[in-house]
Amino acid sequence: LSVLAPIFGLRDEEALYRRMLDVETNATKPEQVTAQTQELSETSMEQRNEAMRMQITDDCERELSKAQKALSESCRKRLPDRLPDGDCKEQAADMMLHGTLFTWQVPMASSEMGSKQPVFWAGFSEEDTSGMASRKDLGDFVKSVNGILLHGHHPIPMTEWGQVAEDAKMFASCPWEKKKKFWHVASLAMARAMYDAKKDKIVIAARKELKGDRSIYNSILYKTELVGIGTLMS
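Residues numbered from 1 in each chain as written. Predicted model: local features only at pLDDT ≥ 70, side-chain atom pairs only at ≥ 80, totals over all residues. Heavy atoms only, no water.

> Any chance you could explain the overall build of the protein chain here in plain terms?
Along the backbone of the protein chain there are nine helices and three strands. Secondary structure elements of the protein chain occur, N-terminal to C-terminal, as α-α-α-α-α-β-α-β-α-α-β-α. Burial statistics for the protein chain: of 234 residues in total, 36% are counted as buried. Surface exposure of the protein chain reaches about 14,700 Å², of which carbon and sulfur atoms provide 53%. (Helix = DSSP H or I, 4+ residues; strand = E, 2+ residues; numbered from the N terminus. Buried < 20%, exposed > 50% of the residue type's maximum accessible area, 1.4 Å probe, protein only. Areas by Shrake-Rupley, 256 points an atom, 1.4 Å probe, with all protein chains shown as cover.)

Rendered as structure tokens:
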């Protein structure tokens, strides 16, 4: 103590002892440190989650905006003299928000409908290793029946709707509620194009489970395409 006392600026051992007691009294207890660390960790996790949610929202809005712009351009291409530019933008926005089908949207699905067989699909993936359900397998099947898809991936033949969706990254950042209007109208347009072309059959290629997050019941095929066919072709 006689050595330490001068270092701490203390005059005697009693003063040093009191200082040591003060340090022990004011020190954070181990359980407090654990609680504080946990609180900081939870706060940090919440901040990261919120940042991720904001990023996903921003990415989704960009994808939706890109699709809306493409739809507006398609409108102007098909109705150059009948609708001013502003009206095409309004109709594209109305479709994305409310699911309204306009006449100029049907040709987006019918350009090759007369000579090709409509094919609907679900469950084919680049990650598939079974040898039966990769995107290449889907492409080979579509080619074998001279088919065309509402949506797909190049080089598989697909409609203009599919091209718009692919350019918008298939709305990969968007929850279903945000993108369902697009797929609802695209499916109705496809069904109407099939009806106008007097198609008397459809072909479905599906490799899906009946349960789980990626079941057939969560697919675009089940949620909108079959509904559109039933609505306009029954």
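> Would you mind showing me how to read the environment of Asn218 here?
On the secondary structure map, Asn218 appears in the loop between strand S3 (203–206) and helix H9 (220–233). When its relative accessible area of 39% is taken as the criterion, Asn218 is described as partly exposed. Taking the C-alpha atoms as reference, Asn218 lies 9.5 Å from Trp176; in sequence the two are 42 residues apart. Apart from residues lying up to four places away in sequence, Asn218 is in contact with Gly212, Asp213 and Lys223. In this structure the side chain of Asn218 is engaged in a polar contact, spanning 3.4 Å, whose partner is the backbone oxygen of Gly212. (Contact = heavy atoms within 4.5 Å. Polar contact = N/O pair within 3.5 Å; in protein donor to acceptor, adjacent residues only side chain to side chain.)

> I'm lost on a nonpolar patch on the surface in this one. Help?
A surface patch of nonpolar side chains, amounting to about 550 Å² of accessible area, comprises Ile202, Ile204, Leu210, Tyr217, Tyr222 and Leu226. On the secondary structure map, Leu210 appears in the loop between S3 and H9. By relative accessible area, Leu210 is classed as exposed at 58%. (Patch = residues over 30% accessible without salt bridge, like charges linked within 9 Å, V, L, I, M, F, W, Y side chains within 5 Å. Salt bridge = Lys/Arg side-chain N within 4 Å of Asp/Glu carboxyl O.)

> What is the right way to look at the pattern of salt bridges in this model?
Between side chains of opposite charge, pairing is possible as soon as their charged atoms come close. Applying the stated criterion across every chain yields a total of seven salt bridges. Across the salt bridge formed by Glu61 and Lys178, the nearest N and O atoms sit 3.3 Å from each other. On the criterion of sequence distance, the pair formed by Glu61 in helix H3 (residues 30–78) and Lys178 in helix H8 (residues 176–196) is long-range, its members being 117 residues apart. Overall, Glu61 belongs to the partly exposed group, its relative accessible area being 37%. We classify Lys178 as partly exposed; its relative accessible area is 41%. Across the salt bridge formed by Lys77 and Glu160, the nearest N and O atoms sit 3.8 Å from each other.

> What exactly am I supposed to notice about the nonpolar core here?
Soluble globular proteins tend to pack their nonpolar side chains together in the buried interior. Of all hydrophobic cores here, the largest spans 38 residues; its most connected members are Leu71, Trp161, Phe171 and Phe182. At the level of secondary structure, the elements contributing two or more residues to this core comprise H3, helix H4 (85–98), helix H5 (107–110), strand S1 (117–122), helix H7 (160–167), H8 and H9. Among the elements that make up this core, the one with the highest residue count is H8 (nine residues). In contact with Phe171, not counting residues within four places along its chain, are Glu63, Leu64, Ala67, Ala165, Lys179, Phe182 and Trp183. (Core = buried A, V, L, I, M, F, W, Y, C linked by side-chain atoms within 4.5 Å.)

> So what exactly am I meant to see when it comes to the sheet that holds S1 here?
Sheets are built from strands paired through backbone hydrogen bonds, the pairs being either parallel or antiparallel. Read across the sheet, three strands follow the order S2-S1-S3 without closing on themselves; strand pairing throughout is parallel. Every interior strand has two partners, whereas the edge strands, strand S2 (147–149) and S3, have only one. Sheet twist, expressed as the mean angle between neighbouring strand axes with direction ignored, is 35°. The strands touched by H8 are S1 and S2; relative to S1, the strand with the most contacts, the crossing angle is about 150°. (Pairing = 2+ DSSP bridges. Axes fitted to C-alpha atoms, helices over the stretch in contact; angles between N-to-C directions.)

> Honestly, the pairing of S1 in this entry has me stumped. Any pointers?
The side chains of a regular strand alternate between the sheet's two faces. In terms of burial, S1 is largely enclosed, as six of its six residues are buried. Residues Gln117, Val119 and Trp121 of S1 are buried on one face, and the alternating residues Pro118, Phe120 and Ala122, pointing to the opposite face, are buried as well. Two strands pair when backbone bridges link them, and S1 and S3 are joined in this way by four bridges, in the parallel orientation. Note that in S3 the partner of Val119 across the bridge is Val203.

> Looking at this structure, how should I read the packing of H7 against H8?
How two helices pack is summed up by the angle between their axes together with the distance between the axes. In contact at an axis separation of 10 Å, H7 and H8 are set at 160° when each is read in the N-to-C sense. One way to sum up the angle between H7 and H8 is to call them roughly antiparallel. For H7 against H8, the interelement crossing comes out left-handed. From H7, Trp161, Val164 and Ala165 reach across to H8, where they touch Phe182, Trp183, Val185, Ala186 and Ala189. Looking at side-chain class alone, the contact of H7 with H8 contains eight nonpolar, no polar and no charged residues. (Parallel < 35°, antiparallel > 145°, perpendicular 65-115°, else oblique. Left-handed = near helix turned anticlockwise from the far one by under 90°. Nonpolar A, V, L, I, M, F, W, Y, C, P; charged D, E, K, R; others polar.)

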